[in-house]
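Results of the structural survey
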Amino acid sequence: MNREARPVDDSPVTHPTHKTGWIEVICGPMFSGKTEELIRRLRRAQIARLRVAIFKPKIDNRFSEDRVVSHSDVSLPSVAVSSSAEILERASVAHVLGIDEAQFFDADLVNVCKELANRGVRVIVAGLDQDYRTVPFEPIPHLLAEAEYITKTLAICVRCGAPANRTYRLSEESERVVVGASDRYEARCRSCYIKPKE
Ligand SMILES: [Zn+2]
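Residues numbered from 1 in each chain as written. Predicted model: local features only at pLDDT ≥ 70, side-chain atom pairs only at ≥ 80, totals over all residues.

Before going further, it helps to examine the overall build of the protein chain. A count of helical and extended segments in the protein chain gives four helices and 12 strands. Counted over contacts in the protein chain with a minimum sequence separation of 6, partners at least 24 positions apart contribute 72%. (Helix = DSSP H or I, 4+ residues; strand = E, 2+ residues; numbered from the N terminus. Contact = placed C-beta atoms within 7 Å.)

Encoded structure:
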């Protein structure tokens, strides 16, 4: 089997002598382990002695300003940036570049990821594929179209225990972006999810 055809999880990750990189997207609802999976892949790259960089949007400071932290409290040092262009500026010598909470970035994130992959970087993007109304959350849908590898993570529905692909907002705000965790959101399956009023 050639290395491009291997499942992502067992990929030997990228290497400085390889010319092309690629894009991996990890997406799903809240509480589905996206950040944990991102951290797991980045840790494996570190074990392979590759230079790893991790970025997250400045908007997301739920747990830490300078670390990517999963709900289960696994973490890695990260750089908080205010635009996708800043990722390109600060990517420098990374072989493997992780981007968490990608749904909070601007639409140009797609071009930034393409540019990095073309330069030979393995880009791993994690984010919500739907907002709390189940509307596709840009720029993730575009990244899915562009990516070589896609992993959909499912949470567990808090109502019935089925696999859950939706994020239900418990609070009343109607803005698309309201940063929060289990205080504001829960994972629900297709049948337990109730669409919020317009
Ligand atoms: Zn359910």
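What follows is about unusual backbone geometry. At the junction of Glu138 and Pro139, the peptide bond is cis and its omega measures out at 5 degrees in the coordinates. In this fold, Pro139 is placed in the loop between strand 7 (122-128) and helix 4 (140-146). For Arg49, which is not glycine, the phi dihedral falls at a positive 60 degrees. Its location among the elements puts Arg49 in the loop between helix 1 (34-47) and strand 2 (52-57).

Here the focus is the sheet that holds strand 1 (residues 22-28). In a beta sheet, neighbouring strands are held together by backbone hydrogen bonds and run either parallel or antiparallel to one another. With parallel pairing, the six strands of this open sheet are ordered in space as 5-2-6-7-1-8. The strands lining the two open edges of the sheet, one partner per strand, are strand 5 (79-81) and strand 8 (149-152). Pairwise comparison of adjacent strand axes, ignoring direction, gives a mean angle of 20 degrees for this sheet. The pairing of strand 1 with strand 7 spans seven bridges and is parallel. Within strand 7, the residue paired with Trp22 across the bridge is Arg122. Its contacts with the sheet place helix 1 against strand 1, strand 2, strand 6 (96-99), strand 7 and strand 8, and it is angled at close to 165 degrees to strand 7. Seen against the sheet, helix 3 (residues 109-119) touches strand 1, strand 6 and strand 7 and runs at an angle of roughly 155 degrees to strand 7. (Pairing = 2+ DSSP bridges. Axes fitted to C-alpha atoms, helices over the stretch in contact; angles between N-to-C directions.)

This next bit is on helix 1. Between its first and last C-alpha, helix 1 extends 20 Å over 14 residues, near the 20 Å set by a 1.5 Å rise per residue. Looking at helix 1, one finds that the buried residues are Lys34, Thr35, Glu37, Leu38, Ile39, Arg41, Leu42 and Ala45. Arg49 sits one or two residues past helix 1 and shows a positive phi near 60 degrees. (Expected span 1.5 Å × (residues − 1). Buried ≥ 20, exposed ≤ 12 C-beta atoms within 10 Å, placed from the backbone.)

Further remarks concern the nonpolar core. Ile23, Cys113, Val123, Val125 and Leu143 are the most contacted members of the largest nonpolar core, which has 47 residues in total. Mapped by element, the contributors of at least two residues to this core are strand 1, helix 1, strand 2, strand 6, helix 3, strand 7 and helix 4. Looking at this core, the element that brings in the most residues is helix 3, giving six residues. Residue contacts for Ile23: discarding those within four places in its chain leaves Cys113, Ala117, Val123, Val125, Leu143, Glu146, Ala147 and Glu148. (Core = buried A, V, L, I, M, F, W, Y, C linked by C-beta atoms within 7 Å.)

Residues spaced three or four apart along an α-helix face the same direction, because each turn holds 3.6 residues. Every buried residue of helix 3 is accounted for by Leu109, Val110, Val112, Cys113, Leu116 and Ala117. With its buried residues spanning 165 degrees around the axis, helix 3 presents them on a single face. Looking at the packing, one finds that the buried side of helix 3 touches strand 1, helix 2 (84-90), strand 6, strand 7 and helix 4. One or two positions beyond helix 3, positive phi appears at Gly120, with a value near 110 degrees. (Arc of directions from axis to C-beta.)

Note that Phe105 resides in the loop between strand 6 and helix 3. For Phe105, a count of 29 C-beta atoms within 10 Å corresponds to the buried category. Each C-alpha atom, one on Phe105 and one on Ser82, is 8.1 Å from the other, the two residues being 23 residues apart in sequence.

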